[in-house]
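# Commentary on secondary and tertiary structure
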Amino acid sequence: MNYKDLMHAPIKPIPPKPSMYGIDPELVKTRVSELPGMVSLYLRELFPDLPPVLLPGGPDAINDVRQAAHDALMKVDMSMIKPEHSVNVLASHHGFTLFGGEPYAELLKAIRDVVAERTGCTDIRLRAGVGMRFRETEEYMKRYGLDTYYKGKAVGVAPIDEGIAIETEIGTLYGLKRVYDATWIIHAHHTDVREVHFHRQVDKAVKPFGMSYARCETRSTYHQNLGPRAANFTARAIFESEFVQSKFAFAAFLNCGPHGVIGADCDNDLYALNDRATFVGCQLYGKIMTLFGEIDKCIAVLDFPCPVPYVFSAGVIYANFLGANSDLYDLNTPLPSYTWYTEAFYRKNGKPLLEETPPMNPAIKMCVHNYAWTGYPSEFFSKNIPTVVVGDEQGKLFDTDSMNIGYMDYAVTARTAENAMDFAYNVSGTDQVIIFDGAMGGLNVSESLAKLLIERAPLVSEKVDKELLPKWLKQRGVDLSILELKA
C-alpha cells in the first residue's frame, strides 16, 4: 500500500470566530494544521461506503443544502397549520457549529420560507436553545442573519428562563415557556451525534425536548440525577405528553454524516425519523469512533471555535475521543470515561470510586489547547490529561471564567503554537497528532498517525458492519431494514 496516495495537504480548518466565550480571532496566529508534518485524510477514501455529500462541495454547495431542505419540507404534512396560527421553529445551539454553522442556518431559513409559502402563516418565530452559554445563540442568529430573516422574531432561550409545567406519565416536568407559546412547534435538529457520551445514541432525535427546550430542573437529569442511558426517558416523556403532542407539527433535520451534509429529512413521525438518525449515528459515525479507538498514543490538539469538549475531528467531538478506549455505543458499558455523572464518581484523591468507571482515554498523552472557548466546566480535562495552553491571553480567559477557575491550575502556557507542539513532542514521546479543528470532509493529523489510521480503517469498517452495527441497533430496538435511508 502506498500510504502517500491517501495523504493530502491539510484541509483548511474552521476559522476563528468573534465571541464573548473565546479570545479575539486576531490572537490565533497559527493553526496547528499549518505546521510541518501535518496531512489530511479524506473520510470517503478511508471508508468508501460513506454516502456522497452536498457539503463540502463546489461553489454552490450551500445552495444545494438549501434546495435539499426545501425539497424535504415540501413533502411533509403541514395541513394542521392555518394562516391565523403561530409557529415556533425550535433550534439548538450545537447545530450552529456543524460544518461552519451555515448549513443549519440554511435549514432554519428554508423552514420559514416553506411554511409561509405552503400555509399562509406569517407569525413564524425562531426559538434557539442554549446550554450554559446563555448568549451563544444570540451570537449565532446575528452571525447568520436569522434575526432579520425571521423579521425580528428570533430569540435565544436559556434553561433559566421562565418555565412551564408539563404533565407527563412520570409526573410534572418543566419546559421553557417561550418554546411552547405558539399554536404549533417545529423541531429543527440534525443527525450529528455530538454527545454520545451523554445520550448514548438512545432517542437522540428526541433529546432536545429534555435539554434545549427544558428548564434546568428537568435537563439536569442528564448531568447529575440519572446519567447516561437512564436519563433519556425524560425527553421522551415530555415529547409524548398531551400538551406537547397537541402542538407538535413535524420535525425537520439536517442530515449529517461525519464527512459532511448528506441532505435533509422531515417527518411528522419523530420516532420514524429517530430510527433513521440512529442508523446514521451508529453506522457512519460509529466507524469513525471505532477507528479512533485504534489510536494507541497521540497528542490531541484543540483548534476550533467551541468550548473544550465540543471541538471536532472527523465529525467526532473531543469529549467522545476521551472515551474512545471503550465502546460508547455499547449499552452494556455502564459508564463512559467522561460525563459530569462520571466525574461524580471520582474521589478527592483523583481516583474513581467505582470499578466500572473507565479511565480517560490513555492514548491521549498530551493536549495542546491552541484555540477553544470557555463556557463549559473543563477542569476535569486538564486535571486528567497534561495540557498546554497557547498564549497568555487564552490562559487568562480560562483563569477568569467562573466555570474554569481550576483549569489553568493543571495546565501550562506556551507563547506560540510552535512552542506548544515542540514541548508536547518532547514530553509525550510521540509524534502522532490528531487535530480537532473541524476540517470538513476529512481530518487533519500527523503523517505518522495517518499511516496507522489508513492501516486500520478497512478492518474497522468490516467489524462495524458485520459485528458492532447489528448489536448497536438491536440494543436500541432499530430493525436492520432501516438500512435504506429515506430519500
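Residues numbered from 1 in each chain as written. Predicted model: local features only at pLDDT ≥ 70, side-chain atom pairs only at ≥ 80, totals over all residues. Heavy atoms only, no water.

### Here's the deal with the pattern of salt bridges
Inspection of every chain in the model, using the stated rule, returns 25 salt bridges. Where Arg125 meets Asp181, a salt bridge forms, and the shortest distance between an N and an O atom there is 3.2 Å. With a gap of 56 residues between them, Arg125 in strand β3 (residues 123-129) and Asp181 in the loop between β6 (171-176) and β7 (184-190) connect regions that are remote in the sequence. A salt bridge links Lys466 to Glu462; its shortest N-O distance comes to 3.1 Å. With Lys466 and Glu462 both in helix α16 (residues 447-475), this residue pair falls 4 residues apart, about one helical turn. In this structure Lys466 comes out as exposed when scored by relative accessible area, which is 64%. With relative accessibility at 42%, the residue Glu462 sits in the partly exposed group. (Salt bridge = Lys/Arg side-chain N within 4 Å of Asp/Glu carboxyl O. Helix = DSSP H or I, 4+ residues; strand = E, 2+ residues; numbered from the N terminus. Buried < 20%, exposed > 50% of the residue type's maximum accessible area, 1.4 Å probe, protein only.)

### Comments concerning the layout of surface pockets
Estimated volume of the largest pocket: approximately 390 Å³. Lining the largest pocket we find 27 residues, and of these His93, Gly131, Met211, Arg219 and His223 sit closest to its centre. Looking at the lining of the largest pocket, the elements that each hand over two or more residues are β7, α6 (196-199) and α7 (216-225). With 5 residues, α7 is the single largest residue contributor to the lining of the largest pocket. Of the residues in the lining of the largest pocket, the class split is 10 nonpolar, 11 polar and 6 charged. Summarising the domain contributions, the lining of the largest pocket has at least three residues from each of domain 1 (3-49 + 290-464) and domain 2 (60-257). (1 Å grid on protein atoms, 1.4 Å probe; cavity = no way out; pocket = protein on both sides within 12 Å on 5 of 7 lines; lining within 4 Å. Points joined across faces, edges and corners; volume = space filled by probe spheres on them. Nonpolar A, V, L, I, M, F, W, Y, C, P; charged D, E, K, R; others polar. Domains from an automatic or database assignment.)

### What about the side chain of Thr119?
Along the chain, the position of Thr119 falls in helix α3 (residues 102-119). A relative accessible area of 10% means that Thr119 is categorised as buried. Reaching out from Thr119, the side chain makes a polar contact with the backbone nitrogen of Cys121 at a distance of 3.1 Å. Among residues more than four places away in sequence, those in contact with Thr119 are Met78, Ile81, Lys82 and Pro83. (Polar contact = N/O pair within 3.5 Å; in protein donor to acceptor, adjacent residues only side chain to side chain. Contact = heavy atoms within 4.5 Å.)

### Re the packing of helix α2 (residues 61-75) against α3
Packing of α2 against α3 leaves a shortest axis separation of 9 Å and a crossing angle of 40°. The angle between α2 and α3 falls in the class oblique. In the crossing of α2 with α3, the sense of the turn from one axis to the other is right-handed. Side by side, α2 and α3 meet where Ile62, Val65, Arg66, Ala69, His70, Leu73, Met74 and Lys75 of the first sit next to Glu102, Pro103, Glu106, Leu107, Lys109, Ala110, Ile111, Asp113, Val114, Glu117 and Arg118 of the second. Partitioning the contact of α2 with α3 into residue classes produces 10 nonpolar, 1 polar and 8 charged. (Axes fitted to C-alpha atoms, helices over the stretch in contact; angles between N-to-C directions. Parallel < 35°, antiparallel > 145°, perpendicular 65-115°, else oblique. Left-handed = near helix turned anticlockwise from the far one by under 90°.)

### Some remarks on the sheet that holds strand β10 (residues 298-307)
Spatial ordering of the open sheet is given by β1-β17-β16-β10-β13-β14-β15, a layout of 7 strands whose pairing is mixed. Two strands bound the open sheet, and with one partner strand each, they are β1 (38-42) and β15 (411-414). Neighbouring strand axes in the sheet, compared pairwise and without regard to direction, differ in orientation by 25° on average. (Pairing = 2+ DSSP bridges.)

### Notes on the domain arrangement of the protein chain
Each domain of the protein chain was delimited in the assignment, giving domain 1 (3-49 + 290-464) and domain 2 (60-257). Taking the mean C-alpha position of each, domain 1 and domain 2 sit 28 Å from one another. Contact with domain 1, which involves 34 residues of that partner, is made by 31 residues of domain 2. Around 2,800 Å² of area is buried between domain 1 and domain 2 when both sides are counted, 62% of it from carbon and sulfur atoms. Considering only the surface of domain 1 that becomes buried against domain 2, Tyr310, Trp340 and Tyr341 emerge as the three largest contributors, covering 21% of it. Between the two partners, domain 1 and domain 2, sit 0 salt bridges. Remark: the boundary between domain 1 and domain 2 carries 12 residue pairs in polar contact (both at pLDDT 80 or more). Of all the elements in the fold, those that place two or more residues in the side of domain 1 that touches domain 2 are β10, α11 (318-321) and α12 (340-343). (Buried area = accessible area lost by both parts, 1.4 Å probe.)

### Examining a nonpolar patch on the surface
Taken together, the side chains of Ile170, Leu226 and Phe233 make up a nonpolar region of the molecular surface, amounting to roughly 250 Å² of accessible area. Examined against the element boundaries, Leu226 turns out to sit in the loop between α7 and α8 (232-239). (Patch = residues over 30% accessible without salt bridge, like charges linked within 9 Å, V, L, I, M, F, W, Y side chains within 5 Å. Areas by Shrake-Rupley, 256 points an atom, 1.4 Å probe, with all protein chains shown as cover.)

### Quick notes on the sheet that holds strand β8 (residues 248-257)
Ordered by their spatial adjacency, 6 strands build an open sheet running β4-β3-β2-β7-β8-β9, and the pairing between neighbours is mixed. Edge positions in the sheet fall to β4 (154-157) and β9 (260-267), since each has one partner strand and no second. If you compare each strand with its neighbour and ignore which way they point, the axes differ by 20° on average. Looking at chain direction, strand β2 (residues 86-92) and β3 are connected through 7 bridges and run parallel. Residue pairing for β3: Asn88 is matched across the bridge by Arg125. Each of β8 and β9 touches α2; the most contacted strand, β9, lies at about 15° to it. Across the sheet, α3 lies against β2, β3, β7, β8 and β9, angled at about 150° from β7, the strand it touches most.

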